[in-house]
Amino acid sequence: DTAVHTQPFQAEVSELLHLMVHSVYSETDIFLRELISNASDACDKLRYEAIASPALLGEGDALKIRIIPNKTAKTLTIADNGIGMERQELIDHLGTIARSGTKAFVSKLKEAKDGLGLIGQFGVGFYSAFMVADKIVVISRRAGESDVWTWSSQGGSGFEIARASDEEAARVTRGTEIVLHLKDDAKKYLETYEIERIVTAYSDNILFPIELVPEDGEPRQINSASALWQRSKSELTADDYKKAYQQIASAFDDPAMTLHYRAEGRYSYAVLLFAPSTKPFDLFEPNRKGRVKLYVRRVFITDDADLLPGYLRFIRGVVDSEDLPLNISREMLQNNPQLAQIRKAVATRVVSELESLAEKDPENFAKIWDAFGAVLKEGIYEDFERREKLLALSRFTTTSGEKRSLKQVIGDFKPNQTEIYYLVGDSIERLKSNPRLEAATARGIEVLLLSDPVDAFWTSMPSEFEGKPLKSLSQGDLNLDLIPRIDEKDEPKKDEPAADEATTIAVIKAALGERVSDVKASTRLTSSASCLVADSQGPSRELERILSQQNR
Ligand code: ADP
Ligand code: MG
């Protein structure tokens with residue numbers, strides 16, 4: 001099998017590369033961050049596999065990443081001695097887009113006019129190297145294997161796979177070499193000061209040494225290669241945290257919340273978590289997992305340990321345990337009692353940090369709420385233990401036109417008001433003109449207008465906040481009558497003959513027959529003649545609607 005095999009890219013990859021190659025986007029630096037991050041992942045994977053099979057690490061060099069500029073050849077090489085890739089892995093990993101987030105991102109890119117700005121904000125992994133290179137050659141040997149393969153591509157529609165030459169095979173004893181043939185306008189990346197500048201800015205916290213191998217002179221390490229979360233809070237600045245967040249989360253925004261602490265006691269572990277200030281594209285993908293990385297004594301284990309409940313899946317960062325066994329398998333993680341403890345404690349801590357942020361830094365809290373409020377509200381029905389806290393954190397658009405907390409709403413209760421009122425629907429605009437609001441408006445009562453799909457779920461079970469029940473204006477039994485109307489003359493006249501009412505109801509009931517379960521006189525309406533309400537017991541009409549959509 002010495003032949004060269006040509007393979008097409010998956011359609012999304014071609015689209016992405018097309019956008020990238022024709023980009024006039026100037027912030028191309030991120031390609032280096034992406035390739036270094038892949039190299040670091042590869043070292044992490046090897047270290048993890050070597051726990052079970054120490055032979056994989058062998059006697060060879062310590063795990064590290066090397067950056068090698070070559071001005072004569074106009075190439076920049078990023079090499080690691082991590083896990084490496086077999087032939088099929090090269091085809092699968094560098095020919096398709098596996099991450100659901102990236103797929104969603106590509107379709108966003110195509111829609112957006114300023115799509116290329118988005119590349120800079122989010123990064124697109126390996127393929128971002130085509131912003132600076134017109135040809136890429138990847139040479140790789142999987143740890144423990146004798147075969148060495150090359151993958152090469154000029155962007156376009158596909159790539160070639162071939163066996164490496166003897167010379168290449170002798171050079172790549174383990175891991176991966178990525179050789180970028182730089183475009184003419186990307187030659188600056190051959191300058192050592194440029195490389196150092198970018199590594200310091202984006203990759204300083206990579207745990208493995210990053211060596212710069214200059215053409216003239218000795219290789220030297222250009223990152224600090226220390227685990228930032230192990231350092232004490234007092235020696236770290238806001239900027240250190242921001243850089244760590246951007247590197248850990250592959251993000252470009254500022255963190256809206258930073259939580260760094262060390263738990264000591266029965267179990268010891270370090271926690272460094274961030275809430276982003278912008279929304280990722282795959283937040284609502286059903287298979288999106290949390291992205292908190294689990295380390296055991298500085299060794300990366302997995303980012304798939306479900307360290308936080310689903311409604312906190314937007315939180316990024318690291319938990320580094322001192323006491324879990326290093327050789328814990330990813331499967332064992334699910335049932336490990338110690339990890340269960342850590343999960344619980346960390347979730348509690350995140351929620352209380354959100355509480356104090358809401359109080360002390362409402363501006364940053366508002367960013368989190370705007371981006372992730374709809375996700376946090378999932379917790380109101382998923383997490384009974386923290387339900388009251390999550391309700392307290394929630395901000396709702398109300399008839400006041402502002403985003404308000406339940407505390408604020410209760411603070412502005414009208415005389416005799418004992419219940420919090422809400423309406424669920426598919427848009428705030430449509431809710432505003434809902435006739436069911438009339439009774440509340442007539443009394444100056446503030447009503448929550450709920451329009452996120454998740455709202456139909458958490459409101460489907462009875463809830464209360466600080467002893468005040470939450471009631472939908474579209475259900476029966478409301479205690480509105482005791483609250484005075486603003487305008488006296490709207491008050492229904494008590495002395496009008498009631499006989500009329502009974503006759504009217506009888507006529508309507510006869511006309512509607514089986515289609516309604518009851519017809520009642522109401523004091524809720526001011527200008528509309530009638531409205532439909534759900535049984536106080538049954539599911540709300542909005543939930544019925546969503547459920548019937550899902551079952552289709
Ligand atoms: P991501 O890192 O988010 O998975 P990338 O596009 O950056 O996406 O990389 C795609 C995949 O290619 C990686 O998941 C990994 O399997 C493989 N890969 C990339 N670079 C390397 C490398 N240096 N060593 C081993 N595998 C790599
Ligand atoms: Mg990557």
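Details of the structure are given in the entry above.
Keep in mind the model is a prediction, meaning the values are calculated, not measured.

1. With respect to the overall build of the protein
Okay, so step 1: Helices and strands together make up the secondary structure of the protein, namely 18 helices and 20 strands.
Okay, so step 2: A burial count over the protein gives 48% of its 552 residues as buried.

2. A look at the sheet that holds strand β12 (residues 291-296)
Okay, so step 1: Pairing in this open sheet of five strands is mixed, and the strands run β10-β11-β14-β12-β13 from one edge to the other. Edge strands, defined here as strands with exactly one partner in the open sheet, are β10 (255-263) and β13 (299-302). The sheet shows a mean angle of 20 degrees between the axes of neighbouring strands, taken without regard to direction.
Okay, so step 2: In the packing of helix α8 (residues 238-248) onto the sheet, contacts are made with β10, β11 (269-276), β12 and β14 (316-321), and the angle to β11 comes to roughly 80 degrees.

3. Brief notes about the nonpolar core
Okay, so step 1: Counting residues in hydrophobic clusters, the biggest one holds 62 residues, and the most contacted among them are Leu-312 and Val-350.
Okay, so step 2: In terms of residues, this core owes the most to one element, helix α9 (residues 337-360), which gives nine residues.
Okay, so step 3: Setting aside residues up to four positions removed in sequence, Val-350 forms contacts with Met-257, Leu-259, Leu-273, Leu-308, Leu-312 and Ile-315.
Okay, so step 4: Formed by 59 residues, the second largest nonpolar core is a distinct cluster that contains Phe-31, Phe-105, Tyr-127 and Val-199.

4. Here's the deal with the environment of Ile-410
Okay, so step 1: With respect to the helices and strands, the residue Ile-410 is situated in helix α13 (residues 406-411).
Okay, so step 2: For the pair formed by Ile-410 and Lys-468, sequence separation is 58 residues and the distance between their alpha carbons is 8.3 Å.
Okay, so step 3: Beyond its immediate chain neighbours, meaning those up to four positions away, Ile-410 contacts Ile-420, Phe-465, Glu-466 and Lys-468.

5. Some details on the packing of aromatic side chains
Okay, so step 1: Scanning the entire structure with this criterion turns up 14 aromatic pairs.
Okay, so step 2: Aromatic pair Tyr-295 and Phe-300: ring centres 5.5 Å apart, planes at 70 degrees, arrangement edge-to-face. The exposure classification of Tyr-295 matches that of Phe-300, with both residues buried.
Okay, so step 3: Judged by centre distance (4.3 Å) and plane angle (10 degrees), the rings of Phe-314 and Phe-372 are stacked. Taken together, the residues Phe-314 in the loop between β13 and β14 and Phe-372 in helix α10 (residues 362-376) connect sequence positions 58 residues apart.

6. Structural notes on the pairing of β14
Okay, so step 1: Within β14, six of the six residues are buried, which leaves it mostly tucked inside the rest of the structure.
Okay, so step 2: Of the two faces of β14, both are covered, the one formed by Arg-316, Val-318 and Asp-320 as well as the one formed by Gly-317, Val-319 and Ser-321.
Okay, so step 3: In the sheet, β11 pairs with β14 via six bridges, with the strands oriented antiparallel. Paired with Leu-273 across the bridge in β14 is Gly-317.

7. So, the side chain of Ser-394
Okay, so step 1: As for its placement among the helices and strands, Ser-394 is situated in the loop between α12 (387-393) and β15 (396-397).
Okay, so step 2: Accessibility expressed as a relative area gives 1% for Ser-394, which makes it buried.
Okay, so step 3: Once residues within four sequence positions are removed from consideration, Ser-394 is found in contact with Trp-369, Lys-377, Ile-380, Arg-404, Ser-405 and Leu-406.

8. A closer look at the environment of Val-375
Okay, so step 1: Tracing the backbone through its elements, the reader meets Val-375 in helix α10.
Okay, so step 2: Spatially, the C-alpha atoms of Val-375 and Ser-226 are 33 Å apart, while their sequence positions differ by 149 residues.

9. As for the packing of α9 against α10
Okay, so step 1: As a packed pair, α9 and α10 sit with axes 8 Å apart at the nearest point and diverge in direction by 135 degrees. With respect to each other, α9 and α10 are oriented oblique. Relative to α10, the crossing made by α9 is left-handed. For the pair α9 and α10, contact is made by Leu-354, Leu-357, Ala-358, Glu-359 and Lys-360 and by Pro-362, Asn-364, Phe-365, Ile-368 and Leu-376, respectively.

10. As for α10
Okay, so step 1: In a regular helix each residue adds 1.5 Å, so 15 residues correspond to 21 Å; α10 covers only 16 Å between its end C-alpha atoms and thus falls short of that length.
Okay, so step 2: Of all the bends in α10, the largest measures some 55 degrees and sits at Asp-370.
Okay, so step 3: Regarding α10, the residues found buried are Asn-364, Phe-365, Ile-368, Trp-369, Ala-371, Phe-372, Gly-373, Val-375 and Leu-376.
Okay, so step 4: Buried residues in α10 make contact with β10, β11, α9, α11 (378-382), α12 and β16 (403-404).

11. What about the sheet that holds strand β8 (residues 210-212)?
Okay, so step 1: Read across the sheet, nine strands follow the order β1-β6-β5-β4-β7-β3-β2-β8-β9 without closing on themselves; strand pairing throughout is mixed. Looking at which strands have only one partner, the edges of the open sheet turn out to be β1 (5-8) and β9 (220-221).
Okay, so step 2: Note that strand β3 (residues 75-80) and strand β7 (residues 175-182) share six bridges and pair antiparallel. Within the sheet, the bridge partner assigned to Thr-77 lies in β7 and is Val-179.
Okay, so step 3: Of the strands in this sheet, β2 (65-70), β3, β7 and β8 are in contact with helix α2 (residues 30-52), which crosses β3 at around 25 degrees.

Rules and cut-offs
- The residue numbers shown here count from 1 along each chain, following its written sequence.
- Both sets of labels track the order of writing: A upward for chains, 1 upward for ligands.
- Under the rules for a predicted model, residues below a pLDDT of 70 receive no local features and side-chain atom pairs below 80 are neither given nor counted, while totals for whole chains, interfaces and linings still include all residues.
- The basis for every side-chain value is the complete set of heavy atoms in the structure, and neither hydrogens nor water enter the calculation.
- Each helix is a run of H or I in the DSSP string that is no shorter than four residues. Each strand is a run of E no shorter than two, and both are numbered from the N terminus.
- Only protein chains enter the accessibility calculation, which uses a 1.4 Å probe. A residue is then buried if its area is under 20% of the maximum for its type, exposed if over 50%, and partly exposed in between.
- A strand pair is defined by DSSP finding two or more bridges across the two strands.
- Angles here are taken between N-to-C directions and fall from 0 to 180 degrees, while the axes themselves are lines fitted to C-alpha atoms, restricted in helices to the stretch in contact.
- Contacts are assigned to residue pairs that have any heavy atoms within 4.5 Å of one another.
- The term nonpolar core refers to a set of buried residues drawn from Ala, Val, Leu, Ile, Met, Phe, Trp, Tyr and Cys, joined through side-chain atoms within 4.5 Å.
- A pair of aromatic rings is counted whenever rings of Phe, Tyr or Trp (Trp by its six-membered ring) have centres within 6.5 Å, and the orientation is called stacked for planes under 30 degrees apart, edge-to-face for over 60 and tilted otherwise.
- Small angles under 35 degrees read as roughly parallel and large ones over 145 as roughly antiparallel, with 65 to 115 read as roughly perpendicular and the rest as oblique.
- Crossings are sorted by hand: turned counterclockwise from the far helix by less than a right angle, the near helix makes the crossing left-handed, and turned clockwise it makes it right-handed.
- How far a helix is expected to stretch is found by multiplying one less than its residue total by 1.5 Å.
- The reported bend at a residue is simply the angle between two axes, fitted to the 7 residues ending at it and to the 7 residues beginning with it.

Remember, this is a structural readout, not a statement about activity or role.
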